[in-house]
Amino acid sequence: MKKKLIATIVALLLILTALTGCSVGDRVRGKKKSDILSASPEGYKYNLFTDDTIEISGCDESKLSAKLTIPEKLDGKKVTDIGILAFYECSSLESIEIPSSVTSIGALAFCKCDSLKSIEIPPSVTSIGDSAFRGCSVLESIEIPSSVTSIGYSMFGDCYLLGSIEIPSSVVMIGDGAFSGCSSLKSIEIPSSVISIGGRAFSDCSSLKSIEIPSSVTSIGDSAFSGCSSLKSIEIPSSVTSIGDSAFSGCRSLKSIEIPSSVTSIGDSAFSGCSSLKSIEIPSSVTSIGESAFSDCSSLESIEIPSSVTSIGDWAFWDCSSLESIEIPSSVTSIGYQAFNRCDSLYEAVVPYKLNYCGSDIFPEQTKIRDHNGNNRPLYNTSGYYEYALLNQSYTILLDYVDYSSGNQSLSVPERLDGLTVTGIGKYALAYSSRESIEIPSSVTSIGDSAFSGCRSLESIEIPSSVTSIGDWAFWDCSSLKSIEIPSSVTSIGKWVFWDCKSLKTIYFGGTEAQWEKMTRGINLSTGAEVVFGGK
């Protein structure tokens, strides 16, 4: 897996190099000659620029000393850059001294130098490329000069023995995966100059026990501290407004955390698997609790949800096995799929009388559910083979359908159930149905995540022009579906919608190409089907 990742990174860098005309030095100074073999001293390849400066582009490892001092000059010309992949996988190198003539170190320059124990970077260096020291698995310490302003993508990723590092006050950004997998790193001080901590920046730093985030930081990226299994405490400053997805997931030693009142959203899986966390106070600034935000927090005994919260995501508190009671404020209008399921100690829950959305299997069977007036509050009802949500509104969400059919039968979803208008097809509602065709009524405005997943016999489905959103994985594994019509009314479509739809050849979209591109930009639909615009 790691070899594939490195190969992918290398390929992307080579593509970028080809598109942009090689290195930064090439673009600024103009390259005169490429990949010249050095004569004095031997063992290097270099690019010569029009200003007669040199970028080291590669090396002959057999001609280099294990304790390497990179020369200030090659063939009488000044070395100013260490290029992309220059010393990549030079496994015999044990120490490196970089001369003060060098101003930049390229991406992957020393990546996977797995015998490298120390490296000296001079203060002349102002930029260090992505993954420059990634996979230097025995590197124990390194000093970053104060001339460097950012720590790039995976710069020290998988430096397993890196026990300490000092980040200079010149650094303003810690990039994605910067210290990911540094399993020996016990502590680190982030200077007040840093304003952002990237995704996976410290993920799987399993020896990290504490960290102080300065008040200059405004965002904590996705999975920033995930898998920091020794982390016992962390203080989030009031400057932070959002906690990213999986930011602290798997921090199983974390006993307490204070979320400041500046935070307005808690991302998906933000504290998932924090099994030592006993209590947490959510500030009144938070309006949404993400999917699986506190799932598998098995020691969590109590939590107070403030009246500012309007939505609780799918599996938000799933498997919080020590949680005994919960009161959901009346401000909450949406409770996701299995939000409190497998909370085996949960004997009582207070739920708003009115809801706009309610997923299936929210609570375990033993939980007594009542409203804020103390009355019993059933969440579901059945009509024939259908299960639907009791929202105490004029409408409902279809949650499940028990399909006993066999053979080539079609299904028409009813527009009303017990007098309530069906406006949504919920998560997994019609999943694994054996029907060949399904008709959705014109009352429906939303199709939920995985709503039709696993419908392997489904050959045709009619989506009405009332539908505005289609959720993630909605038609996953509909292996017999050859074509589908999506009306122009749809303005939101989820990721991996057509994953494993092996027979899907054509998507007919009722809108324009511009509308389609706007809706699907950055979304992987997982299909190679042709898209025809303007409808069928």
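(A) Representation of the pairing of strand β34 (residues 395-401) within the structure. The element β34 is extensively covered by neighbouring structure, given that five of its seven residues are classed as buried. In this structure, strand β33 (residues 386-389) lies alongside β34, joined through three bridges in antiparallel fashion. Across the sheet, E387 pairs through a bridge with D400, a residue of β34. Sheet topology places β34 next to strand β37 (residues 420-425); four bridges connect them, and they run parallel. Bridge pairing in β37 places Y395 opposite T421.

(B) Expanded view of the sheet that holds strand β45 (residues 530-533). Across the sheet, which stays open at both edges, the three strands sit in the order β42-β44-β45 with parallel pairing between neighbours. The open sheet has two edge strands, β42 (483-486) and β45, and neither has a second partner. For this sheet the average axis-to-axis angle between neighbouring strands, irrespective of direction, equals 20°. Note that strand β44 (residues 506-509) and β45 share four bridges and pair parallel.

(C) Inspection of the confidence of the model for the protein at higher detail. Per-residue pLDDT for the protein averages 92, and the proportion of residues at 70 or more is 94%. A low-confidence stretch, residues 1-7 (pLDDT under 50), is modelled with eight contacts involving residues beyond four sequence positions or located in other chains.

(D) Summary view of a negative patch on the surface. Taken together, the side chains of E97, E120, E143, E166, E189, E212, E235, E258, E281, E304 and E327 present a region of like negative charge at the surface. A residue is classified by how much of its surface remains accessible, and E304, at 63% relative accessible area, is exposed.

(E) A look at the pattern of salt bridges. Tallied over the full model, the rule gives 10 salt bridges. Here K67 ties to E94 by a salt bridge, and the two come within 3.5 Å at their closest N and O atoms. A residue pair is termed long-range when its members are at least 10 positions apart, and K67 in strand β4 (residues 67-69) and E94 in the loop between β6 (77-82) and β7 (95-97) qualify at 27 residues. Note on K67: relative accessible area 57%, which makes it exposed. As a salt-bridge pair, K502 and D500 come within 3.3 Å of each other at their nearest N and O atoms. One salt-bridge network, held together by shared partners, links D314, K427 and D449.

(F) Main features of unusual backbone geometry. In this chain, S40 is followed by P41 through a cis amide linkage whose omega measures -10°. Along the chain, the position of P41 falls in the loop between β1 (31-37) and β2 (44-49). In this structure, W473 takes a positive phi of about 55° despite not being glycine. On the secondary structure map, W473 appears in the loop between β41 (469-470) and β42. Positioned with a positive phi, D477 is a non-glycine residue whose angle comes to about 65°. In this structure, D477 sits in the loop between β41 and β42.

(G) Molecular detail of the pairing of strand β3 (residues 53-59). Of all seven residues in β3, six are buried, a share of seventy percent or more. By the bridge criterion, five bridges tie β2 to β3 in an arrangement that is antiparallel. For Y44, the partnering residue across the bridge sits in β3 and is C59. Taking the residues between adjacent antiparallel strands as the criterion, β2 and β3 are bridged by three residues, where D52 takes a positive phi near 65°. As defined by bridge partners, β3 adjoins β6 across four bridges and the pair is classed as parallel. By the bridge assignment, I54 is partnered in β6 with V79.

What counts and how
- Residues numbered from 1 in each chain as written.
- Predicted model: local features only at pLDDT ≥ 70, side-chain atom pairs only at ≥ 80, totals over all residues.
- Heavy atoms only, no water.
- Buried < 20%, exposed > 50% of the residue type's maximum accessible area, 1.4 Å probe, protein only.
- Helix = DSSP H or I, 4+ residues; strand = E, 2+ residues; numbered from the N terminus.
- Pairing = 2+ DSSP bridges.
- Axes fitted to C-alpha atoms, helices over the stretch in contact; angles between N-to-C directions.
- pLDDT = per-residue confidence, 0-100.
- Contact = heavy atoms within 4.5 Å.
- Patch = residues over 30% accessible without salt bridge, like charges linked within 9 Å, V, L, I, M, F, W, Y side chains within 5 Å.
- Areas by Shrake-Rupley, 256 points an atom, 1.4 Å probe, with all protein chains shown as cover.
- Salt bridge = Lys/Arg side-chain N within 4 Å of Asp/Glu carboxyl O.
- Lys, Arg positive; Asp, Glu negative; His and termini not counted.
- Charge placed at Lys NZ, Arg CZ, Asp CG, Glu CD.

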